[in-house]
Structures are given as structure tokens and as C-alpha cells.
Amino acid sequence: MKPENQELRLIDTAHLIGEVEDYRNKGHRLVNVSCTRAGEEFEISYSFELDLRFENIRIIIPLDADIPSISGIYWGAFIYENEMHDLFGVHVRGMNIDFKGNLIRTTVPYPFRNTSFKGEGPCQDR
Amino acid sequence: MSRQIVMPFGPQHPVLPEPIHLDLVLEDETGVDGMLSIGYLHGGLETLVEKRQFPEYVYIAERTCGICSFIHGMTYCQGIERVMGLEVPERAHYLRTIWSEYSRLHSHLLWLGLFADSMGFENLFMNAWKHREFVLDVMEETTGGRVIQGSCKVGGVRRDIDQETLKKMERDLKGFEKGLKEMANVFLNDDSVASRLRGVGVLSRNDAYVCGAVGPTGRGSGVPIDARMTGYAAYGELDFSPVVEQDGDCYARCAVRVNELFSSIEIIRQSIDRIPGGEIEVKVKGNPDGEYFSRSEQPRGELVHYVKGNGTKYLARSRIRTPTLTNIPPLVKMLQGCELADVPVIVLSIDPCIGCMER
């Protein structure tokens, strides 16, 4: 097996659009946008690929902050941004297609926003 | 200009194997726009990492999808192995490759049958599923499971395939390939199939790239994306190249899948010829501490399992980005300007797996 080398850079939210535009101009493909709750913050990772080289940039935002949409640069990004909104409650400004919370029909609002890592349930034995 | 109407399509529809809802904006019978909403199958599988230890989560990962279950389990295991720095034995890599390609054969044949059914070609539908039975029998014989295999684990695989069975598998592939060629001839050369698919649901190369199309949806539009080229499992040791078509219509996406059947057979043959002896797993000690984006090529396209460990038995995060999720924006593009009667065929042409997508 050939292990894949992956780069990950932490950037400021203010530089997000500029960085994503750079990737677009260089011909990268948007692979994924993922959100992770890390304490009282969200880690949002944007993954790109060009010629099998996999690169990631990450922003870290407070739980109640909003972020700019990259769907003006990568048209298909709206699916990830709507998903982040519906599951984590991350507010994304300026999405090209905004489902307004109706992409994923959940019985509980923002079901992934709160984790049970704080000692509840079977995680107590950690 | 005609009056626009919004017509609901799904979540229950004869052509949809799983529930998905589409709001089709129509002018007469021409689609102006199509918007999807999902959530009927959302199971919250990603959050189960909080309740299942990382070796147990393989079972959850496998059950993300009932068709490409093996590849989900393998991709998750690859991610954990990379975070923990585990060196998986070569034989295990080859076995994973063989089962992955049988999964691809199974998935493509299932899709070809459903696709033929959506065109009203019942005989072709049954023919495709007849061949699929052969693949499921091999999976059952070698792993114990037809759909959920349970043969992948962190550090390797649970089951080996003995040399005699491998030789039998290789012999049986000859007859299987012959039958597939006859079926492929109908899919690729029959007038009624071509007239139903050619020029329908066209996705340009540029749209495929900007919308993030992956797998046969992207390759049917001339974008040669194939995660197997990264060389995971044993793919780095094998000779193959992505199957690519240029037209971007439903016929091109169908042709990619038909031709990938033969590519998969060739990969299985090479794997059987080159598989080394030795162990099939390594012992796993400790807990994962770190993160990795594990990628693989599912039958529907590129799959990403993001795993983040925190040094405990429980992962901090598992994120599964399935190919169907990223093929939704291309589907929205394809539906713009299509005929109402073509919507079922176009929706099926991305091979949507809703259970996979919603997780």
C-alpha cells in the first residue's frame, strides 16, 4: 500500500475565500467539507485534490459564529454547507442554494451540535 | 412563456429503490429546476463513534451501505491504521482489493438491472441480476456474507482465501466474463437502449468538475477521477487505468459502468496471480490519537472516511463523505432543462444510494 501524504493548514476565517479561490484558480477539485465539534469551537476542514495530491485547510470558529459560503467559487459546495447547517447549526452566509434548514429533515434541530463526550453514557469508562 | 408549476417527485416512486424527494419546477413538460430534500433515512451513524469503541465501529461503518458495505469497512480501517501507524500485511491488502472489486461488480450489476428496469427493459433487468447472483455466491463462499461481509478489521482481515479457492475463482471468472459480454452488447449496442439514453441528462466536463462529480458520474463526463489511482490497498501494485467516456449523458455513465465490469475482472485476475503468502493481520495495541482522511473508490465514486482519535477507545469524530452526497449537485445540474419523462432515468444514472448518503 502506498500511504497518501496529506497536508493540513490552519488558516484564519478572514482568509478563507482568498485561499479557496487560489485552489480553484490552480485547478483543484473540492473533495469535502467537514465539521467537527472540538470543545466550545467548531473545526471546519476544506479538502482539495489536484493530480492525486490531497490538501486540507481548516478554520476554527466559536459555536455561534458564522462563516462565508464558498459556493460562489465551487458551485457544488452548497450540499456540504447546507448539511453543516442542518446537522451542526453552523451559519453559512451567502450560499447559492440555501435550503433554510430543510435539506436534511431531522426530528431534533442540529443533532450533531452537542456530543456526549462529557461523561455521559458508555464513554464514562474512558 | 408557459406557467411554471412545482411537481413533487418521490419520496415514494416506482423507480426509486430508496426514498428521496425532488421538487421539480416545470414549464409544460420541460424541467426548469429540480431541488432535493433528504432525511428519510438519516440514522446518525457518525455519532455512534461516541458509543462504540473504535474496533467495534467497523461494523457500523460497514452498515452505512447495504451494497458497498465491504469498502466502507475497509476505508474506515485504513484510516485508523494510518493514524495508529499499523503496517498491514501485503496479503491482507490483496484480499481487500479482491473483495472490493467483487463489491464493485455486485454494485454495478445491481445498478444495471435497476437501470434497465427504469427503461422498461425487464428482460435485461433479470439478465443483469442473474449475473449478480454469481458475484454474491463468491462473496458468500469467501467471507460468509452475501451483502454484509464482516471480513475487514483494523489491522488486516478476518478471513483468508486458500489457494485452491483462489484458483477456482479465477477459473469461474471466464464463464462469468463471457456472460457479461453478451449482456454488455445489449447495453452498449441495442437501439432502444441508446435512443432512451443518448443526449439525456448531459453533464459537461466543466460542470462535472465545478459541481464535484465523482465516480462514473464524473468519468462519464471525461473527468478521470479514480481514487484507486492513489494506490491504497494493493491497487498501487496492479496495472489498470480509469474507464472514461466523454459525452456526459446517461449513455456515457452507463457505458462507464459496463466497461468497469471488465476492468474489475482484470484487477481480480491480477490480484489472484500476484497475491503473496503470509499473515493476514497484525496485532493492534493502543488507541488512535490523530486524524486522517481515508479515501477509496466505491462503485459510485470516491468515498472519504475522516477519523479523528483522541487517545481513547472512542473516536472524537467520524465523518463519512459518500459519493452520492457529492453527486447531488451534478444531479441538480442535469435536471435543469430535461424532459419530465427523463427524470427517472437521469436520477438513476448517478446510481443514488440514499442510505449511504444520509448515514
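Reading guide: rules and limits
- Residues numbered from 1 in each chain as written.
- Chains lettered and ligands numbered in written order.
- Predicted model: local features only at pLDDT ≥ 70, side-chain atom pairs only at ≥ 80, totals over all residues.
- Helix = DSSP H or I, 4+ residues; strand = E, 2+ residues; numbered from the N terminus.
- Buried ≥ 20, exposed ≤ 12 C-beta atoms within 10 Å, placed from the backbone.
- Rg over C-alpha atoms; globule rule 2.2 N^0.38 Å.
- Pairing = 2+ DSSP bridges.
- Axes fitted to C-alpha atoms, helices over the stretch in contact; angles between N-to-C directions.
- Contact = placed C-beta atoms within 7 Å.
- Nonpolar A, V, L, I, M, F, W, Y, C, P; charged D, E, K, R; others polar.
- Core = buried A, V, L, I, M, F, W, Y, C linked by C-beta atoms within 7 Å.
- pLDDT = per-residue confidence, 0-100.
- Parallel < 35°, antiparallel > 145°, perpendicular 65-115°, else oblique.
- Left-handed = near helix turned anticlockwise from the far one by under 90°.

This paragraph deals with the overall build of chain A. The helix and strand inventory of chain A stands at two helices and six strands. Sorting the 126 residues of chain A into buried and exposed places 34% on the buried side.

For chain B, the count of helices and strands is 13 helices and eight strands. Whereas a compact globule of 359 residues would reach a radius of gyration of roughly 21 Å, chain B reaches 20 Å, a difference of no more than 12%. Considered along the principal axes of its C-alpha atoms, chain B spans approximately 70 × 45 × 30 Å. For chain B, the proportion of its 359 residues judged to be buried stands at 55%.

All names here are of chain A. Strand order in the open sheet formed by four strands is β1-β4-β3-β2, with mixed pairing between adjacent strands. Single-partner strands in this sheet number two, and they are β1 (6–10) and β2 (29–38). When strand polarity is set aside, the average angle formed by the axes of neighbouring strands in this sheet is 20°. Bridge count for strand β3 (residues 41–50) against strand β4 (residues 53–62) is ten bridges, and the pairing is antiparallel.

Each side of the interface is counted separately: chain A has 35 residues, and chain B has 36 residues. Mapped onto the side of chain A that touches chain B, the elements with two or more residues apiece are β2, β4 and α2 (78–88) of chain A. Counting residues per element, the side of chain A that touches chain B draws most heavily on β2 of chain A, at six residues. In terms of residue class, the side of chain A that touches chain B is built from 18 nonpolar, twelve polar and five charged.

The next subject is the pairing of β1 of chain A. Residues and elements named next belong to chain A. The buried fraction of β1 amounts to zero of the five residues, a small share that puts the element mostly on the outside. Pairing geometry for β1 and β4, over five bridges, is parallel. Each residue of the ladder has a partner; that of arginine 9, found in β4, is isoleucine 57.

What follows covers the sheet that holds strand β8 (residues 315–321) of chain B. Residues and elements named next belong to chain B. If you trace the three strands from one edge of the open sheet to the other, you get β6-β7-β8, paired in antiparallel fashion. Unpaired on one side and paired on the other, β6 (289–298) and β8 mark the two borders of the sheet. Shown here is a sheet whose adjacent strand axes are inclined to one another by a mean of 10°, direction ignored. For β6 and strand β7 (residues 301–310), the ladder comprises ten bridges, and the chain directions are antiparallel. The residue of β7 that forms the bridge with serine 294 is histidine 305.

A few words on helix α11 (residues 328–335) of chain B. Most of α11 of chain B sits out of view: eight of its eight residues are buried. Within the span of α11 of chain B, buried status applies to Ile328, Pro329, Pro330, Leu331, Val332, Lys333, Met334 and Leu335 of chain B. In this structure, the buried residues of α11 of chain B make contact with α2 of chain A together with β3 (30–37), α7 (205–211), α8 (215–219), α10 (323–326) and α12 (343–349) of chain B. Positive backbone phi, approximately 90°, marks glycine 337 of chain B, located one or two places after α11 of chain B.

Residues and elements named next belong to chain B. Counting 133 residues, the largest nonpolar core has Tyr57, Leu95, Cys254 and Ile346 as the members making the most contacts within it. Considering each element in turn, this core owes the most residues, twelve residues, to helix α3 (residues 90–118). Cysteine 254 has contacts with Phe115, Phe187 and Leu197, leaving out every residue within four places of it along the chain.

Residue and element names in this part refer to chain A. Residue-level pLDDT values for chain A average 85, and 88% of them are 70 or greater. Taken element by element, chain A is modelled with least confidence in β1, mean pLDDT 88, and with most confidence in helix α1 (residues 16–26), mean pLDDT 94. Here residues 118–126 scores under 50 on pLDDT; set against residues more than four positions off or in separate chains, the count is eleven contacts.

All right, on to α2 of chain A then. Taken across its eleven residues, α2 of chain A has ten buried, putting it largely inside the fold. For α2 of chain A, the complete set of buried residues consists of Phe78, Ile79, Tyr80, Glu81, Asn82, Glu83, Met84, His85, Asp86 and Leu87 of chain A. Turning to α2 of chain A, the residues buried within the fold contact β2 and β6 (91–93) of chain A together with α10 and α11 of chain B. Glycine 89 of chain A lies just past α2 of chain A and shows a positive phi near 80°.

Let us look at the packing of helix α5 (residues 163–189) of chain B against helix α9 (residues 250–274) of chain B. Residues and elements named next belong to chain B. Across the interface, α5 lies against α9 with an axial gap of 10 Å and an inter-helix angle of 165°. The orientation of α5 relative to α9 falls into the category roughly antiparallel. Here α5 runs over α9; the crossing is left-handed. On α9, the residues touching Leu166, Met169, Glu170, Leu173, Glu177, Leu180, Ala184, Phe187 and Leu188 of α5 are Cys254, Ala255, Val258, Leu261, Ile265, Ile268, Arg269 and Ile272. Split by residue class, the contact of α5 with α9 holds 14 nonpolar, no polar and three charged.

On to unusual backbone geometry. Look at tyrosine 110 of chain A: it is not a glycine, yet its phi comes out positive at around 50°. Counting through the fold element by element, tyrosine 110 of chain A comes out in the segment after β6. Notably, aspartate 351 of chain B is not glycine yet its phi reads approximately 55°, a positive angle. The buried category is assigned to aspartate 351 of chain B, around which 26 C-beta atoms lie within 10 Å.

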